[in-house]
Amino acid sequence: MLQDFITEYHRYRILGERAIAQAPDDALNRIPALEGNSIAMIVRHVSGNLTSRFTDFLTEDGEKPWRERDDEFAQVRLSRDEVNALWRSGWDTLGAALAALTDADLARNVTIRHQPLTVHAALCRSLSHVSNHVGQIVLLARMSAGESWGSLSIPRGGTAAYNANPTAEKAPQ
């Protein structure tokens, strides 16, 4: 079961990376609406969340006292290199925590914001959170890339060809 989580997290990490790569540099910090978030803000938030939740995952509350969640949404201009470094940092923390787990650990309890959850429930919650924000990144990147956008999944009109060779459905090696 743990491998299912690892595979899905990997798919969302790659999806986010591919979307961020297609966003023009000037779009990374663009806030599209009042009270909205830029790609850079969402990346800071995802990285902060993953780092907080998965540092000492089995032994400490997932909401670390050192995390400044509100600052993740502050308007701070980040370069592409900074955005990419933050993205990698959060995902690498997650990856290290997942690599240390076994299927037996899924029944263990962890705490997030003083609330007990099974590891399985915490991973489900985290994966849902990440997928929501990756979807936001994809939409913002897609809107900013315009006609240069390259499909991240099955291109329009390409379903039959994809179904003949569904490469995106294969687990990473």
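For the structure given in this document, a descriptive report is provided here.

Rules used in this analysis
- Residues numbered from 1 in each chain as written.
- Predicted model: local features only at pLDDT ≥ 70, side-chain atom pairs only at ≥ 80, totals over all residues.
- Heavy atoms only, no water.
- Helix = DSSP H or I, 4+ residues; strand = E, 2+ residues; numbered from the N terminus.
- Rg over C-alpha atoms; globule rule 2.2 N^0.38 Å.
- Buried < 20%, exposed > 50% of the residue type's maximum accessible area, 1.4 Å probe, protein only.
- Contact = heavy atoms within 4.5 Å.
- Areas by Shrake-Rupley, 256 points an atom, 1.4 Å probe, with all protein chains shown as cover.
- Lys, Arg positive; Asp, Glu negative; His and termini not counted.
- Charge placed at Lys NZ, Arg CZ, Asp CG, Glu CD.
- Core = buried A, V, L, I, M, F, W, Y, C linked by side-chain atoms within 4.5 Å.
- Expected span 1.5 Å × (residues − 1).
- Arc of directions from axis to C-beta.

1. Topic: the overall build of the chain
And then number 1: On a plain count of helices and strands, the chain comes out with five helices and two strands.
And then number 2: Counting from the amino terminus, helix and strand elements in the chain follow one another as α-α-α-β-β-α-α.
And then number 3: The C-alpha radius of gyration computed for the chain amounts to 17 Å, which stays within 12% of the reference 16 Å derived for 173 residues, consistent with globular compactness.
And then number 4: Considered along the principal axes of its C-alpha atoms, the chain spans approximately 45 × 45 × 25 Å.
And then number 5: Taken across its 173 residues, the chain has 38% of its residues classed as buried.
And then number 6: In the chain, of all internal contacts separated by at least 6 residues, the share reaching a separation of at least 24 is 73%.
And then number 7: Surface exposure of the chain reaches about 9,700 Å², of which carbon and sulfur atoms provide 52%.
And then number 8: Looking at charge distribution, the chain has the averaged site of its 18 positive side-chain charges lying 5 Å from that of its 21 negative ones.

2. Details of the nonpolar core
And then number 1: Counting 39 residues, the largest nonpolar core has Y9, I39, F57 and L123 as the members making the most contacts within it.
And then number 2: When contributions to this core are tallied by element, the ones reaching two or more residues are α1 (2-22), α2 (39-54), α3 (80-99), β1 (109-112) and α4 (119-145).

3. Examining unusual backbone geometry
And then number 1: Phi is positive for E35, close to 65°, though the residue is something other than glycine.
And then number 2: Within the secondary structure layout, E35 lies in the loop between α1 and α2.
And then number 3: Taking the relative accessible area as the measure of exposure, E35 reaches 76% and is therefore exposed.

4. Describing α3
And then number 1: Taking 1.5 Å as the rise per residue, α3 with 20 residues should run 28 Å; its terminal C-alpha atoms sit 28 Å apart, in good agreement.
And then number 2: For α3, the full list of buried residues reads V83, W87, G90, W91, L94, A97 and L98. Each buried residue of α3 lies within a common arc of 115° when the element is viewed along its axis, so the set occupies one face. Away from its buried face by more than 90 degrees, α3 exposes D81, A96 and A99.

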